[in-house]
Structure formats: C-alpha cells, structure tokens
Protein chains: 4
Amino acid sequence: MKPNSNLKTYSLKDMEYYKIYGRTDETQYPLPLFFNGSGIEVNVTGSELWIDIDVDYDMHEPWIFTRLNNSFMSRQMLMSGSYSLCLFRSMSPDTVKNMKFFRELQAMSEDDSCHILIRGFRTDGFFLPVSNKKYKLEFIGDSITSGEGTYGAKEDTDWLAMYMGVSRNYALMVSDALDAEFRLVSQGGWGVLCGWDNDPRHNIPSRYEKICGLAGGKMNESLGASKPYRFESWKPDAIIVNLGTNDASAFNQPEWTNPETGETFKQHKNPDGSFDPDDLNRFKQAVIDFLTMLRRNNPDSHIVWVYGMLGYDLTLAITDAMNSYKNATKDNNVAFLHLPNTTDETVGSHAHPGEKSHARAAKVLTEYLKAYLEA
Amino acid sequence: MKPNSNLKTYSLKDMEYYKIYGRTDETQYPLPLFFNGSGIEVNVTGSELWIDIDVDYDMHEPWIFTRLNNSFMSRQMLMSGSYSLCLFRSMSPDTVKNMKFFRELQAMSEDDSCHILIRGFRTDGFFLPVSNKKYKLEFIGDSITSGEGTYGAKEDTDWLAMYMGVSRNYALMVSDALDAEFRLVSQGGWGVLCGWDNDPRHNIPSRYEKICGLAGGKMNESLGASKPYRFESWKPDAIIVNLGTNDASAFNQPEWTNPETGETFKQHKNPDGSFDPDDLNRFKQAVIDFLTMLRRNNPDSHIVWVYGMLGYDLTLAITDAMNSYKNATKDNNVAFLHLPNTTDETVGSHAHPGEKSHARAAKVLTEYLKAYLEA
Amino acid sequence: MKPNSNLKTYSLKDMEYYKIYGRTDETQYPLPLFFNGSGIEVNVTGSELWIDIDVDYDMHEPWIFTRLNNSFMSRQMLMSGSYSLCLFRSMSPDTVKNMKFFRELQAMSEDDSCHILIRGFRTDGFFLPVSNKKYKLEFIGDSITSGEGTYGAKEDTDWLAMYMGVSRNYALMVSDALDAEFRLVSQGGWGVLCGWDNDPRHNIPSRYEKICGLAGGKMNESLGASKPYRFESWKPDAIIVNLGTNDASAFNQPEWTNPETGETFKQHKNPDGSFDPDDLNRFKQAVIDFLTMLRRNNPDSHIVWVYGMLGYDLTLAITDAMNSYKNATKDNNVAFLHLPNTTDETVGSHAHPGEKSHARAAKVLTEYLKAYLEA
Amino acid sequence: MKPNSNLKTYSLKDMEYYKIYGRTDETQYPLPLFFNGSGIEVNVTGSELWIDIDVDYDMHEPWIFTRLNNSFMSRQMLMSGSYSLCLFRSMSPDTVKNMKFFRELQAMSEDDSCHILIRGFRTDGFFLPVSNKKYKLEFIGDSITSGEGTYGAKEDTDWLAMYMGVSRNYALMVSDALDAEFRLVSQGGWGVLCGWDNDPRHNIPSRYEKICGLAGGKMNESLGASKPYRFESWKPDAIIVNLGTNDASAFNQPEWTNPETGETFKQHKNPDGSFDPDDLNRFKQAVIDFLTMLRRNNPDSHIVWVYGMLGYDLTLAITDAMNSYKNATKDNNVAFLHLPNTTDETVGSHAHPGEKSHARAAKVLTEYLKAYLEA
C-alpha cells in the first residue's frame, strides 16, 4: 500500500463545513454519535478521505454505514480503539464528493460503554459548505425505528447489534424521499407506558427530554448524554411517533418484578381477551402525557402517531387518547396514521419488519407527509 | 353463423345448481341484480352457454362483466330489452366450466328504471353444483366501493356509469384473495350522516336494512327492493364499512337546500380550518348509530371500519365514535383500519382511486382480514 | 331506455375524419377489419356514439375491444348480424372524446365466413381530425402475436377465439409506449417454413404480400382480402418479425400428410436430439427468403427478428440465416433480438404467454426500438 | 470492549471443514482470493467468529462483503496488513451459523500488489461440514461480470475499486436462485479479441487457462496465479460467457499503440457505420477460438454466450461465429442468449449496469439455466 503523503488532518474543532445528524452535545470534542442515524456529512474535494474516530463498548459493538453521493457504499462493525477509517481512495481529486457517515446501532441502554466519537478527518482535498435539507423530521420509536430485523436472515432469532440499522430503515427512506434531515430517538423493546416485558422503566417519554436519555453510565454522562436537550436548536417540521407495539405486547407477557425494589408491574387482559380497562387507561394516559410533553417542547411541529407495522391491537386505544388530548387542548396539529402490518413476505430477522416492510411503510408515510408539508 | 341446435333453455325457476351474489329478493322471477357485484355463478358442461336477461334504464345504462374459470373475459354495456347474451361458444363439451356473470354498475338511486333481471340460461350442456366459498364478506361504502374511477382515463371527469365497476374493485380483490363470497351495498356520493354535498338524505344507514334501499320507484318496489333484508339468510364473517369520505367532503361544500321543503343542511368548519364541534358530533353520532344498527342485524360479524383511500381527515372523528360505541356497548368485535391514500400514481378517472389504488388497499385489507379470520 | 333523438347516422363513405388501423382494402364499403388490431379511431364530440357494423362467422366468433381516451373500456363477443353497438352514452357533449374500436380476433384462416365490417357511426356530436402517431410499426407473427393465451385461465386448454386478443398484446404495449400506429399480420400455429404440425402451407410468407392472405373464401375475396397489398401506402419505421416458434415445434411433431394430395412433410431431429441439417437448412432458407421479400417490399424499414417468448431453440438457426442474408445482400438494416421466455409465473391460458409475459417482452422490445428509432 | 478469552485460532492448514469459492491454488498457505466472488464458507457454532487475513495493494484497495446465513451483513474496504476481522459477535453459542466471506474486487491486472490471503479463523465454537451446492457455474466476462457500477451513484464516473462487486452481481443472483457454486473470471475493459481501447493484449482467452492469468507480478506468481488451472478439479455444469461488449467498443475507439513495441491495433468501421468485414472476421475468429478452448478444457459443460447488457451491436457477429464453430465441430452444447440492455432506469455508476439491470439479467439467465439444467 502506497501511503498518501498529501493527507492533512482536520480536527472537528477547527472545521467550518460539516453537518451533524442526530441529537448530540455539540459542545463536546470529540463529538459523540449517540443514536442510530446519528452521523456527519461533509462535502470534500481530493482523492482520499479518512475519518478519525474513538470507539468502545462492552458487549454490543456499534456498526456504521457510509453513503457516497447519497449511494450506499459500506456497512461494517467497528472495533474498539482510536483509529482512522478510510471512506474513499483514488477518486478524481477535483470533483466535490458528498460523504455521509452514520451510526447504524441504536443508543444502547444496556451497554454504558458503547460509543462512537468523531475527532475529525484526514484528506488531501478541502471541505466545502454542506447544503441544508428542505425539511426536518424527528422519529421516535422502538425496535421498529431502531431498524431491528432489517439485517439478518428470516430464521435468525438472536437479539443482536448487527441486525439493527438505519440504512434500511423507513425513517431514512422517508427522509430521502422528502429531502429531509432526521433525528431518531428509539429503543428496542420500549413503549410509551412500559416495555414489552411490563418493565415500566422502559418508557421513551422518561428519556425524551435529555440529549440522549437512553445512554447511561459515567462515560455517557461526561459526553453530555444526560444534559437537557435544547429543543429550540432544531425544530422539526414533523414528529413521527411510532410507539405502542411494546405496550401491546406487555398485555400478553408475565408480570415484571423490579429486581432491586421487588416492585411489580403488569398490564392485564380480561378472561375474554379484551384489555383490562384500568390498565388500558394508564396506557392512554401515557399517550396523552407524551403528546403533552411533545407539544410543550415542539410548539409548531406536526405530530403524527404512526402504528401498525407489528400489529394493530392498540389502534382504538391510541386514537382514544389522541382524541382526549385534542379535546382537552384544542391542539389540531396531531394526526394518526396506520402503517401497513408486516407479513410473511416482508418480515426480516428476529420476527421484525424487514427491508420490504420498511419500504412499504415508508411509501405510505412519505405520501402522508408530502401531502401535509406541501399543503 | 351456424346456430347450435342443441341448446336447451333453463329457467332459473327450475334450476337447482347456481349461486346468487349480492342481496336480492330470491323469491322473484326473473331475478333482479340490484347492486354492483350482484351476479350469478354456474358450473356447466357443454360447448356453449347463453344467459337470458331483461334490461332497462332511463339514463344510466348498466354494464356487466364475466369471468370464465375465474379469469376476466368480457365487460360490456347492456342495451334495453329482453334478450340472450352468449357467454361462451365452441368449448370442449365435456369439461366443467365455471362461469360468473356480474353487474358492474352500482344500484342507481338516480335512475328508477335501471335494472338487470336474470331469466335463466341456454346451453347444450348440463349444470352441476356450485361449491361454497370459505368466507362471507359484506362491503358497505360510497363511490370507492362502487369502483368509480376504476375505468376511464385519468383526465376523464364525467360522472358516468361506465367508469364504475366491481371488476377492478378492492372488494373483489379481497374476496378473491380470501376465497370469500361478497355482497356490496354502496352508493357514490353518499356518507354516514350526509352526502358529499350536505344532502342529509344521502346516508347509507337509512337504506341499509332493506334489500336494496338504493333502488327506488315502482319497478324496483315490485322487484322486492324495498322489502326488509333478511339478515339471518346470509351471515357475513366480516363487514367492511368504507364510509366517511363524503362526510368529510360536506364540510367543504356549500349548504344544501331541500328543493321540496326548503330545509337546509350544512356541516361547518371553523375559521381556523378545524371542524365545528357540534357538526362533528352529529357525524360521530351517525357513526355510533350505524355501528349499533350493524351489530343489531349482524350479531356475530367482525366489523372493520376502513378509511383513507381518498383522505385521512376524519380518522380521529371516526375512531372517537368507535371508542364511544365500544365503551357504551362493550362490543369488542369492531376495529378500525387505514387503507393507503390514493396518489397521482394510483389515481383513476374522475379523481377517484384507480385500479392500482384498489390493489394497494386490497392488499392491506386482505392481510388484515386474513390475520383476523385465521386467528 | 330513453332513446336519444338527436343521433345522426354517418356513413364511413361520407366521413372525412377517422383513422383506420390494420391492413385493409380502403376502397371497400362497408370497411372490413381483417386482422387482430384492425380497427378505427375517431375524435368526436357529443353525448353519445354508436358504431354500425356487419358481423358474421361460422365457427369462430369475433371479439372486439374499445378504448376511450386511450383507456380500456369494453371487451365483448360479437353476434352475427347488421347492427349498432353503443360505444358511450351520457357524456359531457362538448368535450372531444377519442374512441378506438379494435378487432381482438386474428384473421381466421379456418373460418371463411368470419368478418367484421364497419358501416359508420351514429352520434349527436360531430367528428374532428385524428392526429397522426409518431411511428409506424408492423408486427408479423404466430399465436404469440395473435395474443393467444392473453385471456383465459392458466388451466384452460381449448383453442378458442375468446382467448386471443390484441388488448393485452405486446404489439399494442410497444406501440403505446412509442406512440406508434401498428399493423399486425399473424396466425396461430403458423411458421416461416411450416406450421407447428409440419403443414407446409401454413407459412406466413406465402400470404404476406396480399392485403389479408389469411382470410379465404368468396366473401373475403369480395372484400378485397386477396388483392395485392400496396406497401407504398403505409411504410413502417420498423417491422417486427416474431416467427420460428412453430417451425421449432414441427421438429417434434409427426409427419403431416396433405389430405388432398397425399403429399407429406416433416422436419426431423437426429437421434441425438439435434436438428437434421437438411431440414434445418430449408428452415434457414425460408428465413432468408422471407427477409428478402420483406426488404423488397419495405426498402427503408428496420427489420428486427424477435424470438424466445416460447423457447430459444432456433436462435442459432435464425441468426445463421440472418447472417447469410446479410452477407449476400449487404443489408445492415436487420437485427435479431431475444424476448424473454415465458415462465410458470407469466404464462396465460393454453400454455401461451399471458399478459405478464407480453408485458415483459414489450419492455425489452420497446427499449430496443426506442434506442433504434431515436438514434 | 471485553475481549473474549475463549477464542481459539484455527489455521486453514489444519481445518477440515470449509468451502473455497473461486479459482485458486489450494496448495498455498495462506490461501489467496484472486477474483471477485472468491471467498470462503464455513459452518460454525460459538458466539464469535474472526477471520485472519493478509492484505496489500498499491493503488486499488480490495473490498469484501460477508453473508451470515445467506443474508448480506457487511461490505467494507480492506486496509493493508496482517490482521483479524470480526465476522460476528455475541450470538447464541449453540446454533450453527453459516458464514461466507467474499472478495468484491476483481483480480486487478493493473495492481500487482493487490491481494487478500486467508490464514484462518478465530472462534469460541467449532466448525462443521459445509454442504455442497446443487450446481457449479463459471462466469467469464468483463466489467459487467466484475460488477462495475453496482455500487456508486448514477452520476459517479470514476473507475474505482469500490464501485465493483459481486454482492449485487447477476452472477451471484443466478447462483443463489439455482443453488449453485460459482467461479468468476472477469476483467473490466477486456474483450474476446481486444480491450475497449483496441489493446489486443486485453483479451480474456489469453489468461483463461491459468489459475488467475489476470494477476501479474512476482507476488502473485509466488501465490500460484500463473500456474495452469486444473480444469478437472471443478467441472462446471454451465459456463456463462458474457463477452463482446468491449470488442464492440473498440470499433468506435482510436487506434491503440503498444508503448513498448510501437505496434498498433484497431478495429474499424466503414464510412456507412457498418463493421469492416476483415476486422469483424478476426473478432469472429476470436470467438471461435475461445469456444474451442472452452470446450477443450470443459468437455461436458453447457456453454451459453450471453450478451446485451450494454448494447446488442455484435449479436449477429457472435452468433455467426457460434454457428461456424458449431458447424465445424458438431458441438451442439452451446447456446446464445440475449440479456436485456441497461436503461436509464436500471443504470448504475460509471454508465454501467446497476443493481436493477443485474437483477433483470439474472432473472432471464436463471430461467434459461433452470430450463436447461432441469431438463
């Protein structure tokens, strides 16, 4: 290998031209990529480009993918360490290349050590301004929005970092179709009220107002994860909430016991298979409370609650809560939309929506948002 | 043309083996086909088959389509008169052919003379029993369910009998996919509470309990259209209600005045574009009342209210009514499902869903019903 | 039915504005439609349009289909007699409608009585000029080009008029995609050298230079079918020859005996399954001779021999003949193109290409012709 | 990162269970992966798997992709050095995982240093036998078969290692569909007679009989690249030759001059745009000679020459040569097949077939081979 002696190192601290994707603490150096879909975009000349990163984890290794001129180029596992990854080589030096580097893996609430930090770049070219997208979209969700199942074979049933991703995710497809920047806040197994296993701590609203309430531990705290998120810094045109799937699951799962306190939690079904009214009401209240929180922090964003990619069970409960919220607040800027359920034909690994299911959902959601945004 | 001297005439009165599609008065002879999707199915040997029919209309000529061995064969306009239509000729005489003859055109509330009556068949073969389908489905709707726009060019804007049909209709596609018999009750421009133009007489519930409340005049009365429908004679596994689109339209249309009484009707919007709460409430009450009527007549049928093929505006109103109905009745056998909206790519004539939109909706609805029916 | 008292009758003799599709004797009145894809196009105002036709046949009834504003509207069997068919009713009288009326059924060499003649129209509007298409295409072929199998169920195995058509035919799809007028000369079971059953009379070249060499009998003769075709009257930009499929079949079929002369004919295979060289040579010579005939009559037309929709067996024989022809004549305006073979997924009735196979072939051929015509 | 202390190192020398893809010198250790599509397959238990490799290059870095249980998992650039790549982590230890590791980049005739060598694996599991595929396929071609353009944006025009690949290549798609092992011998810009730029050294036949005649230099020689390939060691059921595209291009390119000898070469067109007969004849002779070489080395393999993905220009020349070869040898086990041309809709980067074009070609070729192999 002939090393390129013309490479110069650029620290992110000193760089003027780049765009950050995903919620992060922009005062940090090196810059943390907390979420799936967090990343960095540059326009650059030169024949060669490298990115300097710091990576670590205990159990769940992060994956990344890259896009050159908006075309998928690579997807790989990251090893621990502080090192450089080559993003391209041997290109015509004079043309401007658009390079995007994205974290595939969701924020890992189960691995406090897991992180990707960006130090900067090395290139023999120079950087140019990155253009703004037409819209801003925030996606809030669970394993569906974490892209679980978009990689891996249909028969694979492990819960694995490498099966998750944003590269085949409806959130990315919708954003591409609408020319939108995106931020994702999602966690597999979590719900609005509780997790798939009735764990009431695993609710997204409790973490929503921090930069990355899903990343715990000292390391992440030092990276700014637990700081309050500055909502005024990035105002989404639309917020897509894709939650409820795990809340529905909880009704079919055994009671959860807090290992530390012994406290228990359980959403019940009646003997006839219907939802227990009280338990359903606390789910509805959680929806109402989350809508209230979303609106408080995002006064002008259109909020669309999407649901259905893994079953339609809580449709009427969610809409009931939305109607209650709407009646109480006179907030008409909220909507509900079904996304088509996943089928044998469209399922991916671990019984989660595969790329085809994401594509179908993305089409319906894109059409909806296009009609709304262009109205 | 060499006439086939072996043809024998079979009167429906004397025939043992055939299956009627669509609500009708089965005591009548000749047998009226009131609705789109009304028709007759036979299994027959022989080289040739003709159907003997009586047809008339004032303004809106009926169309029919035929299926040989479940494959689309013909679609044509019917002229007035009492005559025979040849359904096939020159076939291998010994094989059993499955022949279906369907009315394409909806019941025409605006043309009291419009009718198709079946007298019987002529063939050189003999009839065999017709097998039963696995499921029974009832579809209730407006112009979408009347298949308006499934024929005709995108730029065609006439309101025309020939643009309507069941042959490219989601109702037929879903029934085919699920191996189901179907009955359709639909009328273009009508709603749950009122028509697209605020005409409060144009609500489907007011006609639902008759055999064909949509066909008026003395002729239709003599054909049994206004008799009470015997719900116990055909118990649908699922009832698909696709209404609300015209109710949404009424909010944007001028006040309607009854030409006879001077009475007026209007669904209002507030200056900020939101729905007037009182007007929305009477729409919701109409949904609740219709659900109540459906359940009274169909105690065991799954009821799924589908919505969205021409806009999602009343989603929260419909679901609010459904939740109210559910809370009041403890009836858990009702569900709500979005069908994907029609786009530039899928639109047909007269700004209505085209065949592609019907196909997309049919896929989502088929998947839903399959999951329900096979659970 | 309220008759429209404003209808006026227009004889084709007196009409100025219309376009004839398909080879015919334009001096005849009424005007014969000899071929599948033969038809008439008009632009007309008014609320209503009827076509006046004369129809007869012994065994094989003709079918037609209509297109309103280039959108499929009807397909039906024609009965014998002299009568009027209503093409549309109740339309907005002032708009101009484009109406096309096409024969579905191939010229029937086996039914000398089979014919459709056009007398004229009846309308309450008036006729306007019909615009010219961008290109002219001639398609020459066998049952594939006769659209056999494009209607009918996969399990249907009769050889039937109603399974044939141009409405789902690759020839129509290609012409639509390229904005081209078309003429079809095709006959099921026929080849370049001989028919599928080794009948050497069933070769298309022997009939190609007459207006309709496939329609026999006195009636057709009086209609001008056996007159020489005036090639200078309509110069195709491209001639698509889709022949060879039945010539390949002949190698696998028993010897044919002329019932009148006792003469026999048979294309042989060697014991190892390869083609007998002498028999293959007479096939190649037939290809060479046909190319020579095509070029003599169409000096400037691009000739593309397409092959493969029902098997690739004679690919090298056809191209060998084409190379011989090319070397001998220095004619470089000929080309060979495979169309994708029909599969289980794309097959129609009677083991022939279904609509999906036609669509796939049409895509490949359209792309080829587009590149050629726009070069 | 918590290192897995249970990993054991397995040298390929000592391993019993694995399958090698692609031509190589199996006596070498470490084992060279010369071609795109060269790779290794293992079945393994355990939670974690690493592959130990040696990589180097001067200019053109190799890319690889991995498949877990036949599902695409990663694609990445390889850096120079001797190191381990983690293929999976944290999986359920008891299940058997099927892991495939493939070289994406073609053999690089322009970079003698470019190589990937496999030393072995590290795992906490154990290896099991790898099952055999149903068929064996050899693909011989140019940039199309090297998958150039299957990655990269439509507007990207660099000639780049990273735009090439086997992961979105028709060869892989066909092999997957038919359950076949595959070997690829391809080089971008090369032809049967000469390269796209008239360089007569750039013909595939001259390199075909060595293990990897495309990899030059001392390093590759020491790796066994220039050893004669042992054809009897792997007998393909079918050989797919996808050549001629660059030979066609040469007719439109300027004369080539050998920089060392001053010798020149040029394929000419006549002023009327037709091919110069003598030049066309030497192309045809090259086809004949290559078919002869292929047959000598592969007495029983079906040989299908496929052509068309970047233009149909030499169709008649190729088939003329095939007919000459066939007549001279009586070898009937050769066939010609068009693959559909690439269109605006299906093109990838650098004006080469994109993934959609490869998918369309793969469908036609799969259907052809399936019919042949299952006959």
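Residues numbered from 1 in each chain as written. Chains lettered and ligands numbered in written order. Predicted model: local features only at pLDDT ≥ 70, side-chain atom pairs only at ≥ 80, totals over all residues. Heavy atoms only, no water.

## A short note on the pattern of salt bridges
Within this structure, the stated rule accounts for 84 salt bridges over all chains. Across the pair Lys133(C) and Asp179(C) runs a salt bridge whose closest N-O atoms are separated by 3.8 Å. Of this pair, Lys133(C) sits in the loop between strand 11 (127-128) and strand 12 (135-141) while Asp179(C) sits in the loop between helix 1 (170-178) and strand 13 (180-186); the two residues are 46 residues apart in sequence, bridging distant segments of the chain. Residue class for Lys133(C) comes out partly exposed when judged on its relative accessible area of 25%. The network of salt bridges with shared partners includes Glu345(A), Arg360(A), Lys363(B) and Glu367(B). (Salt bridge = Lys/Arg side-chain N within 4 Å of Asp/Glu carboxyl O. Helix = DSSP H or I, 4+ residues; strand = E, 2+ residues; numbered from the N terminus. Buried < 20%, exposed > 50% of the residue type's maximum accessible area, 1.4 Å probe, protein only.)

## Some remarks on the domain arrangement of chain A
Residue and element names in this part refer to chain A. Taken domain by domain, chain A comprises domain 1 (8-128) and domain 2 (135-373). Each of domain 1 and domain 2 has a C-alpha centre, and these two points are 26 Å apart. Of the residues lining the interface, 35 residues belong to domain 1; the matching set on domain 2 comes to 40 residues. The interface formed by domain 1 and domain 2 includes four salt bridges. Glu181 is the salt-bridge partner of Lys19, the closest N and O atoms lying 3.2 Å from each other. Counting every contact that joins domain 1 to domain 2 gives 20 residue pairs in polar contact (both at pLDDT 80 or more). When contributions to the side of domain 1 that touches domain 2 are tallied by element, the ones reaching two or more residues are strand 2 (19-21), strand 6 (63-68), strand 7 (71-77), strand 9 (97-103) and strand 10 (115-123). Here the side of domain 1 that touches domain 2 is built from residues that sort into 14 nonpolar, ten polar and eleven charged. (Domains from an automatic or database assignment. Contact = heavy atoms within 4.5 Å. Polar contact = N/O pair within 3.5 Å; in protein donor to acceptor, adjacent residues only side chain to side chain. Nonpolar A, V, L, I, M, F, W, Y, C, P; charged D, E, K, R; others polar.)

## Describing the packing of helix 5 (residues 277-297) of chain B against helix 6 (residues 315-329) of chain B
All names here are of chain B. Across the interface, helix 5 lies against helix 6 with an axial gap of 9 Å and an inter-helix angle of 50°. By the criterion of interaxial angle, the relationship of helix 5 to helix 6 is oblique. Where helix 5 crosses over helix 6, the handedness of that crossing is right-handed. Contacts from Leu280, Phe283, Lys284, Val287, Ile288, Leu291, Thr292 and Arg295 in helix 5 reach Ala317, Ile318, Asp320, Ala321, Met322, Ser324 and Tyr325 in helix 6. Of the residues contributing to the contact of helix 5 with helix 6, the split by class is ten nonpolar, two polar and three charged. (Axes fitted to C-alpha atoms, helices over the stretch in contact; angles between N-to-C directions. Parallel < 35°, antiparallel > 145°, perpendicular 65-115°, else oblique. Left-handed = near helix turned anticlockwise from the far one by under 90°.)

## Brief notes about the interface of chain D and chain C
If you look at the interface, chain D gives 25 residues, while chain C gives 25 residues. Summing the contributions of chain D and of chain C, the shared interface buries around 2,000 Å²; its carbon and sulfur component is 56%. Linking chain D to chain C there are four salt bridges. For Arg360(D), the salt bridge goes to Glu367(C), with nearest N and O atoms at 2.5 Å. Linking chain D with chain C are seven residue pairs in polar contact (both at pLDDT 80 or more). Those elements giving two or more residues to the side of chain D that touches chain C turn out to be helix 6 (315-329), strand 18 (334-338) and helix 7 (355-373) of chain D. (Buried area = accessible area lost by both parts, 1.4 Å probe.)

## Observations concerning the relation of the copies chain D and chain A
With an RMSD of 0.0 Å, the fit of chain D onto chain A corresponds to turning through 180° and sliding 0.0 Å along the axis. Here the symmetry operator amounts to a two-fold rotation axis. Measuring from the rotation axis to each C-alpha of chain D, the shortest distance belongs to Arg75(D), at 2.6 Å. Here 100% of the interface residues in chain D have copies in chain A that are interface residues too; the copies meet face to matching face. (Least-squares fit on C-alpha atoms with pLDDT ≥ 70 in both.)

## Some thoughts on the interface of chain D and chain A
Between chain D and chain A, the contact holds 38 residues from the first and 38 residues from the second. Broken down residue by residue, the surface that chain D buries against chain A is led by Met1(D), Met73(D) and Arg89(D), which jointly contribute 20%. Where chain D packs against chain A, one counts four salt bridges. Among the ionic pairs, Glu61(A) bridges to Arg89(D), the shortest N-O distance being 2.6 Å.

## Here we look at the sheet that holds strand 18 (residues 334-338) of chain A
Residues and elements named next belong to chain A. Strand order in the open sheet made by the five strands is 13-12-14-17-18, with parallel pairing throughout. Each edge of the open sheet is held by one strand with a lone partner, namely strand 13 (180-186) and strand 18. Neighbour-to-neighbour, the strand axes of the sheet open up by a mean angle of 20°, direction not taken into account. The pairing of strand 12 (residues 135-141) with strand 14 (residues 238-242) spans five bridges and is classified as parallel. Bridging from a neighbouring strand, Glu138 pairs with Ile239 of strand 14. (Pairing = 2+ DSSP bridges.)

## Brief notes about the relation of the copies chain D and chain C
Taken as rigid bodies, chain D and chain C are interconverted by a rotation of 180° and an axial shift of 0.0 Å, the fit giving an RMSD of 0.0 Å. When you check the interface residues of chain D against chain C, 100% turn up at the interface there too, and the contact is symmetric in its surfaces.

## Let's talk about the environment of Val42(A)
Residue and element names in this part refer to chain A. Of note, Val42 is situated in strand 4 (residues 39-44). The buried category is assigned to Val42, whose relative accessible area is 1%. Excluding its chain neighbours within four sequence positions, the residues that come into contact with Val42 are Met15, Tyr17, Tyr18, Leu49, Lys97, Asn98, Met99, Phe121, Phe127 and Val130.

## Concerning helix 6 (residues 315-329) of chain C
When the terminal C-alpha atoms of helix 6 of chain C are compared, their 21 Å separation across 15 residues agrees well with the 21 Å that a helix rising 1.5 Å per residue should span. Listed in full, the buried residues belonging to helix 6 of chain C are Thr315(C), Leu316(C), Ala317(C), Ile318(C), Thr319(C), Asp320(C), Ala321(C), Met322(C), Asn323(C) and Tyr325(C). Packing partners of the buried residues in helix 6 of chain C comprise helix 5 (277-297), strand 17 (302-307) and strand 18 (334-338) of chain C together with helix 6 and strand 18 of chain D. Directly after helix 6 of chain C, the chain includes Lys330(C), whose backbone phi takes a positive value near 60°. (Expected span 1.5 Å × (residues − 1).)

## Description of the environment of Val334(D)
Relative to the helices and strands, Val334(D) is located in strand 18. Between the C-alpha atom of Val334(D) and that of Gly189(D), which follows or precedes it by 145 residues, the distance is 25 Å. The contacts of Val334(D), once residues within four sequence positions are left out, are Leu316(C), Arg295(D), His302(D), Ile303(D), Met322(D), Tyr325(D) and Lys326(D).

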